[in-house]
Amino acid sequence: MHPTDFTLRGAIDALNEGIITSVDLTQAHLDAIAALNPRLNAYITVTGEQALAQARASDARRKEGVAGPLEGVPLAIKDLFCTAGTLTTAGSRILGNFTPPYESTVSANLLRDGAVFLGKANLDEFAMGSSNTTSASGPVENPWSRANDPDTRLVPGGSSGGSAAAVAARLALGATATDTGGSIRQPAAFCGIAGIKPTYGRCSRFGIVAFASSLDQAGPVARTVEDCAILLRSMAGFDPKDSTSADVPVPDFAAACARGVKGLRIGVPKEYRLEGTPPEIEALWEQGLAWLREQGAETVEISLPHTQFALPTYYIVAPAEASSNLARYDGVRFGLRVTEPNSDLRDLYERTRAQGFGAEVRRRILIGTYVLSAGYYDAYYLKAQKIRALIKRDFDEAFGKVDAIVTPATPSAAFGMDEKQDDPVKMYLNDVFTVTANLAGLPGLAVPAGLDAQGLPLGLQVIGRSFDEETVFAVGAAIEQAAGFTALPRLRAGA
Amino acid sequence: MSLDIPTVRRIAALARIRLEEGELAQAQAELNGILGWIEQLQAVNTEGVEPMAGGGAVALRPRPDAVTDGGIADQILANAPDRQGEYFGVPKVVE
């Protein structure tokens, strides 16, 4: 067995049993990155020497009998998490030379638990995108391809496209990711892996480059549901440095994966049956519900009446918050500065931001600036906040009747790199099934459940109650077990 | 609501993003495309609904009004595009 084929759980067991060392495991991943990253572009920065030093230190700790829950496990870190002393670009020109002097809380928690960092994963610029084509470091390629059309390069989804592609291609055992409208779940589904956006407040946002602060949440992507559970337990936890961090206990999520679904009531929202959804996705959804019934769950039709308004609501709230958060990139304190010989301060700001931000980021800042501007605030931003409250109320009412909700993860399988690039709104529709959980602050998990006719992975989504990731993991693991998803991407280490 | 060119120019100025004359028409078309799609929200009845401001179920907590760090000027200035001693350098603002 090639060391990059371990699941994260399997690697921890192998390390504990002395079957492999962290140095060998890390080196195998670095070799795989050297072989495949020039094609996939999943990593922006590879920190090979640092990773091997961390692996050596980990092996030494293990020898002394001190082993954290992730001792010696090599991971990829989305390049939105600040890593002390390591370039952190957010996929943007404007942060192209930014080396943070501090560590994000989530990555610090992973280091505390013994993890090894292989490098920084590519992403859409400032996490804005659904195809990882807006990165200043270039697009990421999905390691999967269509069976009858292997030459068309597909997107890995976004914004956590580098994280998902790296994990699917076996260039990391797991990765950190973030999700503002679907940026963990959509790329996980496109790449045939699992990923969870936890409840808002579960993971600290300290040290994560901010996009839309009331929606952003960090979470893991990995090749199994249990691997996500193991990673989330380390990533999560109260942090006084984030005022929205929740002071609640972090349960043993991995234990919850084995709970089963007997007696659970699973909601099936009728508003998620969208016109134009491919029949394969409808069929997979039905199949997933049938699997859960076979394992003792009951499926119940529910109504989330404001679903159709979720995406346009999101495209007011998220750009508004982004325009405010991204005001800090002014060419003065860090990052890129662009001036002309006669530039005054205002010209410095305007040139720096025009050249530092890519087209999609500029577009969202302009939309956000408009909806917050004098005279339009009530019509757009306040209106959106009210509809957001209605969307949350829909979920509150549904969760009075059911324990979890199961939906498709995405409205399509991975698409080609040059598709959907001409119309921003068409790209936004990728998040139609995922964005509601962000607006309501709820946990959502994507789990690979099958393949389409072209051999591309399709995922299902499990949404749970606030701070009830355990039920989400139980349902996700039940789907995973029934699906027996063993298909592999064409581009992967050891293939 | 459809944005005209002067409004696009004003929004770009508020956002401190330089738009060249040749870029205005495309920006106008893209913004109007997005705003036209968002317009459907006006049909939703939100009478008496409290706006939801944050993402969390938990209320923000107060913290002690205390100095928790300091003396890290070098770290703060480490990424400055134009560092001048203990200061960030900018073009002259006062004549």
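Residues numbered from 1 in each chain as written. Chains lettered and ligands numbered in written order. Predicted model: local features only at pLDDT ≥ 70, side-chain atom pairs only at ≥ 80, totals over all residues. Heavy atoms only, no water.

Before going further, it helps to examine the overall build of chain B. Helices and strands together make up the secondary structure of chain B, namely three helices and two strands. Secondary structure elements of chain B, listed N to C terminal, follow the sequence α-α-α-β-β. On C-alpha atoms alone, chain B measures out to a radius of gyration of 22 Å, which is more than a quarter above the 12 Å that the 2.2 N^0.38 rule sets for 95 residues. In terms of principal-axis extent, the alpha carbons of chain B reach across some 55 × 45 × 25 Å. Counting across all 95 residues of chain B, residues that qualify as buried make up 28%. Looking at chain B alone, contacts between residues at least 24 apart form 25% of all its contacts between residues at least 6 apart. (Helix = DSSP H or I, 4+ residues; strand = E, 2+ residues; numbered from the N terminus. Rg over C-alpha atoms; globule rule 2.2 N^0.38 Å. Buried < 20%, exposed > 50% of the residue type's maximum accessible area, 1.4 Å probe, protein only. Contact = heavy atoms within 4.5 Å.)

Residues and elements named next belong to chain A. As annotated in UniProt, the feature "active site" (unreviewed entry) corresponds to Lys78, Ser159 and Ser183 in the numbering used here. The greatest C-alpha distance among the annotated residues, which extend across 106 residues, is 11.3 Å, indicating that they converge on a single site. Residue placement: Ser159 occurs in the loop between strand E3 (116–121) and helix H5 (161–168). With near-sequence residues (within four places) excluded, Ser159 lies in contact with Lys78, Asn122, Leu123, Asp124, Ala127, Met128, Gly129, Asn132, Thr178 and Ser183. Summarising the element assignment, Ser183 is placed in the loop between strand E4 (174–179) and helix H6 (185–190). Judged by relative accessible area, which is 5%, Ser183 ranks as buried. When near neighbours in sequence (up to four residues on either side) are disregarded, Ser183 contacts Lys78, Ala127, Gly129, Gly158, Ser159, Ser160 and Thr178. Of the polar contacts made by the side chain of Ser183, one reaches the backbone nitrogen of Ser159; its length is 2.9 Å. (UniProt positions renumbered as here; feature names shortened; annotations may be inferred. Polar contact = N/O pair within 3.5 Å; in protein donor to acceptor, adjacent residues only side chain to side chain.)

Moving on: the pairing of strand E5 (residues 194–197) of chain A. All names here are of chain A. Neither face of E5 is left uncovered, since the one carrying Ala194 and Ile196 and the one carrying Gly195 and Lys197 both have all their residues buried. Pairing between E5 and strand E6 (residues 217–222): two bridges, direction antiparallel. Bridge pairing in E6 links Ala194 to Ala222. (Pairing = 2+ DSSP bridges.)

With that settled, consider the interface of chain B and chain A. Between chain B and chain A, the residue contacts involve 50 residues of the former and 68 residues of the latter. With both sides pooled, the region where chain B packs onto chain A buries about 5200 Å², and carbon together with sulfur makes up 69% of that total. Put simply, chain B and chain A have three salt bridges between them. Put simply, Asp82 of chain B and Arg337 of chain A hold a salt bridge, and the shortest N to O gap is 3.7 Å. Counting across the chain B and chain A interface gives 14 residue pairs in polar contact (both at pLDDT 80 or more). Mapped by element, the contributors of at least two residues to the side of chain B that touches chain A are helix H1 (5–14), helix H2 (24–38) and helix H3 (73–77) of chain B. The class makeup of the residues in the side of chain B that touches chain A is 30 nonpolar, 12 polar and eight charged. (Buried area = accessible area lost by both parts, 1.4 Å probe. Salt bridge = Lys/Arg side-chain N within 4 Å of Asp/Glu carboxyl O. Nonpolar A, V, L, I, M, F, W, Y, C, P; charged D, E, K, R; others polar.)

Let us now look at the nonpolar core. Counting residues in each nonpolar core, the largest one holds 183 residues, and the members touching the most others are Leu110, Phe126, Phe395, Phe473, Val475 and Ile479 of chain A. The residues contacting Leu110 of chain A, other than those within four sequence positions of it, are Leu70, Leu75, Ile77, Ala115, Phe117, Thr176, Leu231, Ser234 and Met235 of chain A. (Core = buried A, V, L, I, M, F, W, Y, C linked by side-chain atoms within 4.5 Å.)

A few words on a nonpolar patch on the surface. Taken together, the side chains of Val90, Val93 and Val94 of chain B present a nonpolar region at the surface, about 270 Å² in accessible area. Summarising the element assignment, Val94 of chain B is placed in the segment after strand E2 (87–88). (Patch = residues over 30% accessible without salt bridge, like charges linked within 9 Å, V, L, I, M, F, W, Y side chains within 5 Å. Areas by Shrake-Rupley, 256 points an atom, 1.4 Å probe, with all protein chains shown as cover.)

Moving on to the packing of aromatic side chains. Residues and elements named next belong to chain A. In this structure the tally under the stated criterion is 18 aromatic pairs over all chains. When the centroid spacing of 5.7 Å and the interplanar angle of 90° are considered together, the rings of Phe190 and Phe415 count as edge-to-face. Of this pair, Phe190 sits in helix H6 while Phe415 sits in the loop between strand E9 (404–408) and helix H14 (424–428); the two residues are 225 residues apart in sequence, bridging distant segments of the chain. You can call Phe415 buried: its relative accessible area is 3%. Considering the side-chain rings of Phe253 and Phe473, the 5.5 Å spacing of their centres and the 45° angle between planes classify their relative orientation as tilted. Placement of the pair is Phe253 in helix H8 (residues 253–256) and Phe473 in helix H16 (residues 469–483), with a sequence separation of 220 residues. (Phe/Tyr/Trp six-rings, centres within 6.5 Å; stacked < 30°, edge-to-face > 60°.)

Our next topic: the environment of Pro448 of chain A. Residue and element names in this part refer to chain A. Mapped onto the elements of the fold, Pro448 is located in strand E10 (residues 444–451). Here Pro448 falls in the buried class, since its relative accessible area comes to 5%. Measuring from C-alpha to C-alpha, the distance between Pro448 and Ala487 comes to 9.9 Å, with 39 residues separating the pair along the chain. Look past the residues within four positions of Pro448 in its chain and what remains in contact with it is Gly192, Ile193, Ala194, Leu458, Gly459, Ala483 and Phe485.

So, on to the pairing of E3 of chain A. Moving residue by residue along a regular strand, the side chains alternate between the two faces of the sheet. Residue and element names in this part refer to chain A. Counting buried positions over the six residues of E3 gives six, a clear majority of the element. As defined by bridge partners, strand E1 (residues 43–46) adjoins E3 across three bridges and the pair is classed as antiparallel. Counterpart to Val46 in the pairing with E3 is Gly119. When strand E2 (residues 74–78) meets E3, the two strands line up parallel, connected through five bridges. Paired with Lys78 across the two strands is Ala121, which belongs to E3.

A few words on the UniProt feature "domain: Amidase" (unreviewed entry) in chain A. Under the present numbering, the feature "domain: Amidase" (unreviewed entry) in UniProt falls on residues 24–472 of chain A. Regarding residues 24–472 of chain A, the helix share stands at 37% and the strand share at 14%, and the terminal C-alpha atoms are separated by 34 Å.

Residue and element names in this part refer to chain A. If you walk through the whole model with that rule in mind, you get zero disulfides over all chains. The thiol of Cys203 is not disulfide-bonded; the next cysteine sulfur, from Cys228, is found 12 Å away. Here Cys203 falls in the buried class, since its relative accessible area comes to 0%. (Disulfide = S-S within 2.5 Å.)

What follows covers the confidence of the model for chain A. Reading predicted coordinates in detail is not appropriate for stretches of low pLDDT. Averaged over all residues, the pLDDT of chain A equals 97, while 100% of them reach at least 70. Model confidence for chain A, summarised as mean pLDDT per element, is weakest for H14 of chain A at 86 and strongest for E2 of chain A at 99. (pLDDT = per-residue confidence, 0-100.)

What follows covers the environment of Val90 of chain B. Tracing the backbone shows Val90 of chain B in the segment after E2. Here the alpha-carbon distance between Val90 of chain B and Leu14 of chain B, two residues 76 residues apart in the chain, equals 20 Å. What Val90 of chain B contacts, discounting residues up to four positions off in sequence, is Val332, Arg337 and Leu345 of chain A together with Asp82 of chain B.

Residue and element names in this part refer to chain A. Taken together, the buried positions of helix H1 (residues 8–16) are occupied by Leu8, Ala11, Ile12, Ala14 and Leu15. What you see down the axis of H1 is that its buried residues fit within an arc of 165°, all on one side. For H1, the elements touching its buried residues are helix H2 (22–40), helix H3 (48–63), E2, E4 and helix H7 (225–235). Just past H1, the residue Gly18 takes up positive phi, approximately 75°. (Arc of directions from axis to C-beta.)

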